[in-house]
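# A closer look at the structure
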Amino acid sequence: MNQTPILQLESVSKHFGGISALTNVSLAINAGEVTCLLGDNGAGKSTLIKIMSGVHQASSGTICVDGKQVLFSSPRDAQDAGIATVYQDIGTFPLMSVARNFFVGREIKTGWGLFRRLDSGRASAVAVEQLAAMGITRVGSGDQPVGTLSGGERQALAISRALYFGARLLILDEPTSALGVKEAGIVLRLVQQAKARGVAVVFITHNAHHALTIGDRFTVLIQGAVAAQFRRGERSKEELLNLMAGGEELETLQIEMEGLHQAGALPS
């Protein structure tokens, strides 16, 4: 039985003046699946996720949520539809506490009227509890400054916050790009946990290994257009790298390597 995608794009294009950033991009995002969006710099990944998250409006094409056509005029519209985006810089405030970061813009209040104030105790308890549920146990207090957290723990904070406030579709923009092996492993585990909860995940990355580790569906963009779409197991890592490089750079490298081998410059 085919499920209705949480988010579906049909022939979406985006133009900035005379520049075409996206051309006829179609994409279906399903609950409980990780869709990896890949491509080199300038391929159109950032423009596409900004359209999905309501930052930009498409020049043409249609966007549907749960099978019904929508028009996102702002990020708030996308958030109201259950779409949350965690950008590469994460957007946390290092000098603020974990609890304040967790509830920024959605503060828990206590008291009445003019005497309403932040319920710091409850905010702290909820933030620590939600991080622990994602496997982050090193944060024992919501008063801990975010600046003391590692890159993987900050990603966990942003992801757990999005899920707590009801995200059905989580868009992660290069979440492992600046992380070491251990920290990247934390993020990949978080993605798997979100998927297990039935959340749809769009995972934007340059890292083919990370993509193949967690991805269920793959879309490769080249110069703003879809170059390939396939399911898990249908392409090898080498084929994926070739697609991401536009099919040319990898072929050129292979030819150069063969020449070096034949010339005796490299061991066979």
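The preceding data block contains the structure.
Every chain's residues receive numbers from 1 upward, in the order its sequence appears when written. With the structure being a predicted model, the display of local features is reserved for residues of pLDDT at least 70 and the display and counting of side-chain atom pairs for 80 or more, all residues being used for whole-chain, interface and lining totals. Side-chain numbers come from the whole structure's heavy atoms, not from hydrogens or water.

### Some details on the overall build of the chain
Cut-off, in case you're wondering: Helix numbering and strand numbering both begin at the N terminus, where a helix is a DSSP run of H or I of at least 4 residues and a strand a DSSP run of E of at least 2. Think of it in three bands: residues with accessible area under 20% of the maximum for their type are buried, residues over 50% are exposed, and the middle band is partly exposed, with areas taken using a 1.4 Å probe on protein chains only. Should any heavy atoms of two residues lie within 4.5 Å, those residues are counted as being in contact. Here the Shrake-Rupley method, with its probe set to 1.4 Å, supplies the accessible areas, and only the displayed protein chains count as covering residues.
Counting secondary structure elements, the chain contains 9 helices and 12 strands. Taking all 268 residues of the chain together, 42% fall into the buried category. For the chain, long-range pairs separated by at least 24 residues make up 65% of all intrachain contacts whose partners lie at least 6 apart in sequence. When the accessible surface of the chain is summed, it comes to about 13,600 Å², and 52% of that surface belongs to carbon and sulfur atoms.

### Section: the sheet that holds strand β2 (residues 19-29)
Our working definition: Pairing between strands requires that DSSP locate at least two bridges from one strand to the other. For helices, the fitted line uses only the C-alpha atoms of the stretch in contact; every axis is such a line through C-alpha atoms, and the angle between N-to-C directions lies from 0 to 180 degrees.
The strand order across the open sheet formed by 4 strands is β2-β1-β4-β5, and the pairing between neighbours is antiparallel. Two strands in the sheet have a free side with no partner beyond their single neighbour: β2 and β5 (68-70). Taken pair by pair, the neighbouring strands of this sheet meet at an average axis angle of 30 degrees, ignoring direction. Both strand β1 (residues 7-16) and strand β4 (residues 60-65) contribute to a ladder of 5 bridges, which runs antiparallel. Bridging across to β4, glutamate 10 finds its partner in threonine 62.

### Here we look at the pattern of salt bridges
Which entries qualify depends on this criterion: One side-chain nitrogen of Lys or Arg within 4 Å of one carboxyl oxygen of Asp or Glu is enough to make a salt bridge.
Inspection of the entire model under this criterion finds 4 salt bridges. Where arginine 217 meets glutamate 33, a salt bridge forms, and the shortest distance between an N and an O atom there is 2.7 Å. You can see arginine 217 sitting in strand β11 (residues 217-222) and its partner glutamate 33 sitting in the loop between β2 and β3 (34-38), a full 184 residues away along the chain. Exposure remark for arginine 217: the relative accessible area of 22% places this residue in the partly exposed category.

### Examining unusual backbone geometry
Phi at serine 11 takes a positive value of approximately 50 degrees, unusual for a residue other than glycine. Along the chain, serine 11 falls in strand β1.

### What about helix α1 (residues 45-52)?
With 6 of 8 residues buried, α1 is to be regarded as a mostly interior element. Downstream of α1 by one or two residues, glycine 54 has phi in the positive range, about 85 degrees.

### Here's the deal with the packing of aromatic side chains
This is how the line gets drawn: Two aromatic rings, drawn from Phe, Tyr or Trp (for Trp, its six-membered ring), form a pair once their centres lie within 6.5 Å of each other, and the interplanar angle then sorts them: stacked below 30 degrees, edge-to-face above 60, tilted otherwise. Only when the NZ atom of a Lys or the CZ atom of an Arg is both within 6 Å of the ring centre and within 35 degrees of the ring normal do we say a charge sits over the ring.
Enumeration over the complete set of coordinates arrives at 7 aromatic pairs. On the basis of an interplanar angle of 40 degrees and a centroid distance of 6.3 Å, the ring pair of phenylalanine 102 and phenylalanine 165 is categorised as tilted. Taken together, the residues span a long stretch of sequence, with phenylalanine 102 in helix α3 (residues 98-102) and phenylalanine 165 in the loop between α5 (151-164) and β9 (169-173) at a distance of 63 residues. Taking 5.1 Å as the distance between ring centres and 85 degrees as the angle between the ring planes, the aromatic pair formed by tyrosine 164 and phenylalanine 165 counts as edge-to-face. Residue tyrosine 164 is classed as partly exposed on the basis of its relative accessible area, which comes to 33%. By relative accessible area, phenylalanine 165 is classed as partly exposed at 27%. Chaining the aromatic ring pairs together yields one cluster made of Phe102, Phe103, Tyr164 and Phe165. In this structure, lysine 14 is placed above the aromatic ring of phenylalanine 16, and the distance from its NZ or CZ to the ring centre is 5.1 Å.

### Description of the pairing of strand β12 (residues 225-231)
Relative to β12, β11 is paired through 6 bridges, and the arrangement is antiparallel. When the bridges of β12 are listed, phenylalanine 218 appears paired with phenylalanine 230. What sits between the antiparallel neighbours β11 and β12 is a turn of 2 residues, in which glutamine 223 has the positive phi angle 50 degrees.

### Structural notes on the sheet that holds strand β6 (residues 83-86)
An order of β6-β9-β10-β3-β11-β12 is seen for the 6 strands of this open sheet, with the pairing classed as mixed. Taken across any chain shown, the strands that pair with only one partner, and hence form the sheet edges, are β6 and β12. With strand direction ignored, the average angle separating the axes of adjacent strands in the sheet is 15 degrees. Here 5 bridges tie β9 to strand β10 (residues 200-204), and the two strands are oriented parallel to one another.

### Looking at the nonpolar core
Rule in force here: Only buried residues count toward a nonpolar core, which is a set of Ala, Val, Leu, Ile, Met, Phe, Trp, Tyr and Cys residues joined through side-chain atoms within 4.5 Å.
Leu38, Val98, Leu170, Leu172 and Phe203 are the most contacted members of the largest nonpolar core, which totals 45 residues. Sorting elements by how many residues they give to this core places α5 first, with 6 residues. If sequence neighbours within four positions are ignored, leucine 170 has contacts with Ala84, Val86, Ile159, Ala162, Val199, Ala200, Val201 and Val202. If you look at the next biggest cluster of nonpolar residues, it comprises 26 residues, including Leu7, Ala78, Ile171 and Val202.

### Digging into the packing of helix α4 (residues 120-133) against α5
The test is simple: For classification, angles of less than 35 degrees are called roughly parallel, those exceeding 145 degrees roughly antiparallel, those between 65 and 115 degrees roughly perpendicular, and all remaining angles oblique. For this classification, the nonpolar set comprises Ala, Val, Leu, Ile, Met, Phe, Trp, Tyr, Cys and Pro, the charged set comprises Asp, Glu, Lys and Arg, and every other residue, Gly included, is treated as polar.
Remark: α4 packs on α5, axes separated minimally by 9 Å, with the N-to-C direction vectors making an angle of 105 degrees. Judged by the angle between their axes, α4 and α5 are roughly perpendicular. Contacts between α4 and α5 pair Val126, Gln130 and Leu131 from the former with Ala156, Leu157, Ser160 and Tyr164 from the latter. Partitioning the contact of α4 with α5 into residue classes produces 5 nonpolar, 2 polar and no charged.

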